[in-house]
Amino acid sequence: MRPLPRLTAPPRRRVRALAAVAMAAALLATSACGGDSGGGGGDSAGEEVTLRFNWWGSDTRHKITQQVIDSFQKENPNIKVKGEFGEWAGYWDKLATTVAANDAPDVIQMDEKYLREYADRGALLDLKKAEGLDTAKFEPDTLGAGEFDGGLYGLNAGINAFTIVANPAVFKAAGVAIPDDTTWTWDDYARISAEISRKLNGKGWGTAAYGANDASLNMWARQRGESLFTEDGKLGVSKDKLAEFYTNLLALQASKATPSPEFTSQDMTAPLDQNGMATGKLAMAFSWSNQLNALSKASGQQLKLLRLPSVTGKASENGAYYKGSMFWSISSRSKHPKEAAKFVNYLANSAAAGNLLLAERGVPPNTEIRAAVTPKLQPADAASAAFIQAIAKELGKPSPPPPVGGGQVEKIIQRYTTEVLFGRLSPADAAQKFIDEINGELK
Amino acid sequence: MTTETLPRSVPATRATTPVWRRVRPALTHVALAAAAVVMLYPVIWMVVSSLRPGNEIFREPGILVRDLRIENYRLGWNALTEPFTRYLLNSAAVVLGAIVGNLVSCSMAAYAFARLNFTGKKFWFAIMLVTIMLPIHVVIVPQYILFSQAGWINTFLPLIVPKLLATDAFFVFLMVQFIRGIPRELDEAARIDGCGKGGVFLRVILPLMVPALATTTIFTFIWTWNDFFSQLIYLTDPKMYTVPVALRAFVDATASTSWGSLFAMSVVSLVPVFLAFLLGQRFLIKGIATTGIK
Amino acid sequence: MSALSALGTLGRKKPPGQKKDNVAAYLFLTPWLLGLFVITIGPMIASLYLAFTDYNLIQAPQWTGLENFTRMLSDERLHNSLKVTFTYVLVSVPIQLAVALLLAVVLDRGVRGMAFYRSVFYLPSLLGSSVAIAILWKQIFGTDGLLNQLITPLGFAGKGWISDPSTALGTLVVLNVWTFGAPMVIFLAGLRQIPAMYYEAASVDGAGPLRRFFSITMPLLTPIIFFNLVLQIIHAFQSFTQAFVVSGGTGGPSDSTMFYTLYLYDRGFGNFDMGYASAMAWFLLVIIGVFTAANFVASKYWVFYDD
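Predicted model, so just to flag it, every value in this text is computed and none were measured.

### Structural notes on the pattern of salt bridges
Working step 1: By the definition in use, this model includes 32 salt bridges over all chains.
Working step 2: A salt bridge links A:E394 to A:R307; the shortest N-O distance between them is 2.9 Å. A residue pair is termed long-range when its members are at least 10 positions apart, and A:E394 in the loop between α15 (379-390) and α16 (409-421) and A:R307 in the loop between β10 (304-306) and β11 (323-330) qualify at 87 residues.
Working step 3: A network of salt bridges, in which partner residues are shared, links A:K411, A:E441, C:D266 and C:R267.

### Some points on the domain arrangement of chain A
Residues and elements named next belong to chain A.
Working step 1: By the assigned domains, chain A splits into domain 1 (46-157 + 326-392) and domain 2 (162-320 + 405-441).
Working step 2: Once you take the C-alpha centre of each, domain 1 and domain 2 turn out to be 29 Å apart.
Working step 3: Contacts between domain 1 and domain 2 engage 15 residues on the former and 16 residues on the latter.
Working step 4: Buried area between domain 1 and domain 2, both sides added, is near 1200 Å², and the carbon and sulfur share of it is 56%.
Working step 5: Across the contact surface, domain 1 and domain 2 share 2 residue pairs in polar contact (both at pLDDT 80 or more).
Working step 6: The element contributing the most residues to the side of domain 1 that touches domain 2 is α15, with 8 residues.

### Overview of the interface of chain C and chain B
Working step 1: With 106 residues of chain C at the interface, the matching set in chain B holds 105 residues.
Working step 2: Summed over both partners, the interface of chain C with chain B buries about 9600 Å², with 72% contributed by carbon and sulfur atoms.
Working step 3: For the pair chain C and chain B, the interface holds 1 salt bridge.
Working step 4: With a shortest N-O distance of 3.3 Å, C:D21 and B:K197 are connected by a salt bridge.
Working step 5: At the junction of chain C and chain B, the tally comes to 12 residue pairs in polar contact (both at pLDDT 80 or more).
Working step 6: Of the residues forming the side of chain C that touches chain B, the biggest block, 21 residues, is contributed by helix α2 (residues 22-50) of chain C.

### A short note on the sheet that holds strand β2 (residues 79-86) of chain A
Residue and element names in this part refer to chain A.
Working step 1: Taking strand neighbours across the sheet as the criterion, the 5 strands line up as β2-β1-β3-β11-β6 in an open arrangement whose pairing is mixed. The open sheet terminates on both sides in strands that have one partner only, identified here as β2 and β6 (155-160). If you compare each strand with its neighbour and ignore which way they point, the axes differ by 15° on average.
Working step 2: Inspection of the sheet shows strand β1 (residues 49-56) paired to β2 by 8 bridges, in the parallel sense. Bridge pairing in β2 links F53 to G83.

### Some words on unusual backbone geometry
All names here are of chain A.
Working step 1: Positive phi, close to 50°, is recorded for N201, a residue that is not glycine.
Working step 2: Note that N201 resides in the loop between α7 (186-200) and β8 (205-207).
Working step 3: Judged by relative accessible area, which is 64%, N201 ranks as exposed.
Working step 4: For L358, which is not glycine, the phi torsion reads 50° and is therefore positive.
Working step 5: With respect to the helices and strands, L358 occurs in the loop between α13 (351-357) and α14 (367-373).

Calculation criteria
- Residues numbered from 1 in each chain as written.
- Chains lettered and ligands numbered in written order.
- Predicted model: local features only at pLDDT ≥ 70, side-chain atom pairs only at ≥ 80, totals over all residues.
- Heavy atoms only, no water.
- Salt bridge = Lys/Arg side-chain N within 4 Å of Asp/Glu carboxyl O.
- Helix = DSSP H or I, 4+ residues; strand = E, 2+ residues; numbered from the N terminus.
- Domains from an automatic or database assignment.
- Contact = heavy atoms within 4.5 Å.
- Buried area = accessible area lost by both parts, 1.4 Å probe.
- Polar contact = N/O pair within 3.5 Å; in protein donor to acceptor, adjacent residues only side chain to side chain.
- Pairing = 2+ DSSP bridges.
- Axes fitted to C-alpha atoms, helices over the stretch in contact; angles between N-to-C directions.
- Buried < 20%, exposed > 50% of the residue type's maximum accessible area, 1.4 Å probe, protein only.

What follows is the structure, encoded as structure tokens:
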């Protein structure tokens, strides 16, 4: 390369330096928390206010949610709500980018995985302080899922419980009776699964492998006096319990209760309506209660929800808890927090919204809405609502949401489950590595 | 310049038997047709899937169909909050802007790099290559901040203006390589005829790099049409969504997805790019070889 | 060498004089320079700055000096992603380019129905990063996939090609090779630009088709081969979408398809560690830069320019 003539160099360097300073300044300015939100306030009645509202989901959700927006706008003519929607992965990229640019939507559909990630860094409003948001009709167990550090950062938008989904048609084909889920143990579960696989003789299997998400490990830990994460945001599961979790999984695989490792690894990342339960290959699979409807539709069968087995054979000791299928959050930098709270209140507590949304985002947590809506639900949604109601007396204490950096735990556990199933790591080694890695991720 | 087509094939001088000369094209065709089947399979599969009832797609592998239904197309067209026509028009607007931008700005920069002799040429060329090398994911946030401060969010400007300013260095490099393949004698001939730098560019270089311009047009069309990430980030109002953003909005990995509608609309969105390719490829052929320059 | 001596009549003369066209050149470069300074350089420098910070996208970046880079030294998943990426680049790029060149040369000869074949061969590349690809790939390489249905009757044991960590990367190499449309089109355009007079001169000299290929087509196509090589290497190093779509964003099974950029994205957007992701990006830039520079140096020995 030819050396640059002396004279031209300094100006160019100056331009570049300026550009760098400008960028850095912009980043600093936009990243400063709280900041300039105080200005508008928007209490001057009559003035039109525009809210931005973000959610992820599929086409049905987009349409229903838009109807809710329309009905809200009819009742509140001076609040305009602009809906923005997208698919899961892109949704989070976009949310992160807009938050970074101080351009976040006012009302955000939030997931447990990222709740603390945003809340702990000051991006979300404490809903306890939000004016006009009523949570009186929510049970403490359902509120608890979005509550930490003394604040409420996500309002439960639908109740979920971790369950086993059973396909009665596959049970029937194998000539095995569906077990009594209020008394069964892990040994029963292993025995029944292996029996189904044996009787189906390669045409299907008794159960999907667990370990495809963090909930299965959390339930395993909760049944044994531990939990995946502690209240103060630490890893709560010990190496022994984790190794036991994997040893038991290997035993299930050895007895052919679960499919081949290749099948399991494929099943883990398959979209819900393409997994082994949806395609009718499995008698049982681990799933969230609100997915019953989608799975039933995909499999063309009326599927059934079962409680998870326990160590003691007592359903009240199986570690069950209410999780938020998703949450409503408000950006801490919203210029119109009052209107945003009003809208969230409408989503959560109005009969009109309840009647439109039904169980699209999970069983409504507002007990009144739930009672009003239940008769209108489709059979599968009604079944999951009934299940949620049935386990209400058996719940353990709420499970704390994953701490900052804990949102990645699902991908990590999938990876170690794959390693163990393919025999690339022993349960003990996987347990140690898992613990080291999670501790490295937590901040 | 004449536009007479010159025969490409030159009489073979190697001694070949008549049988071989008749068998060889047949063999070529058999091989090409076999390859074509492999290449076509996915598209056939997609079209077939778009004609199946949603939940049958994954239970029935292969491409045999028993009952065909076109209702996926009807449902898919209106599945989102806007009719699909809207997304097609939005995409068309972005694509058009991007093509014009890339053709004008990249060819100008490429001409300077390939033919003009100026201070700092190697330095700028290196800088241009470096801009291709940084993964988009780390510049997207600063870039978003930049465009958001300019008030350009939810407009097509962040998708089109960068193309007008030749930020797609890939095409600059592509055109440089093509221009360097054009004999310099032709520039000099034009210069002797009294053309300046601009004249050489317009009268000699541009006509002779039609294949490169066609390539740029085709690629810009296809890549912009399929580009998901930047369109997702910059377009917020569903009325502004483009085809790839709309298509992904069908998918919900945690619940049920209308796969039938998704496939139907994927097929619909393939049609414009395929047509663009069919039309564009004609211009790929119009190189020096067929303009008959001697 | 008489075919090549025909080229000699064109010669490789130096441009007349050493006069500079600074004014004209910078006028032609104006749009590009504007874009560079207004749109490209700023964000690039910002990302360079962020590489030395702890930046979680929500709070202001904190200067941490070289910490991100020292962390990279002991990050096993990063090392694994480098291994995966290098394997992918070194295997898939040569195969893809060879296939693209071969088909371009075959299609460039007046084969009947050439326009049809050309379009068909380009079709897979049109599908791009569509979600359909992910599903299609599972239909072909999954446990119940098409491939297994084809090979099990032949006595081979089928397997979950996509879900087995030892073969998953292979399916992505196949996917990349299968979308050879872009380099093929560029080769075709390049072939079309070779002046017919060279072939005429060669045939007068009595050169056969192979001879013509190696003494005219290949040398005159070298700038385009070079372009494809440089760009496909850069492209393969940055490969993201295909692995993202096929693995559902996880880079799985067991990180076996965790490309470097996929891991970078996972750190930046999944783990809110944009500082670390920026450091990774600049490290990748250095790697790609070294490969590209090596390519340019080597090109002096094999790329033939007509200027």
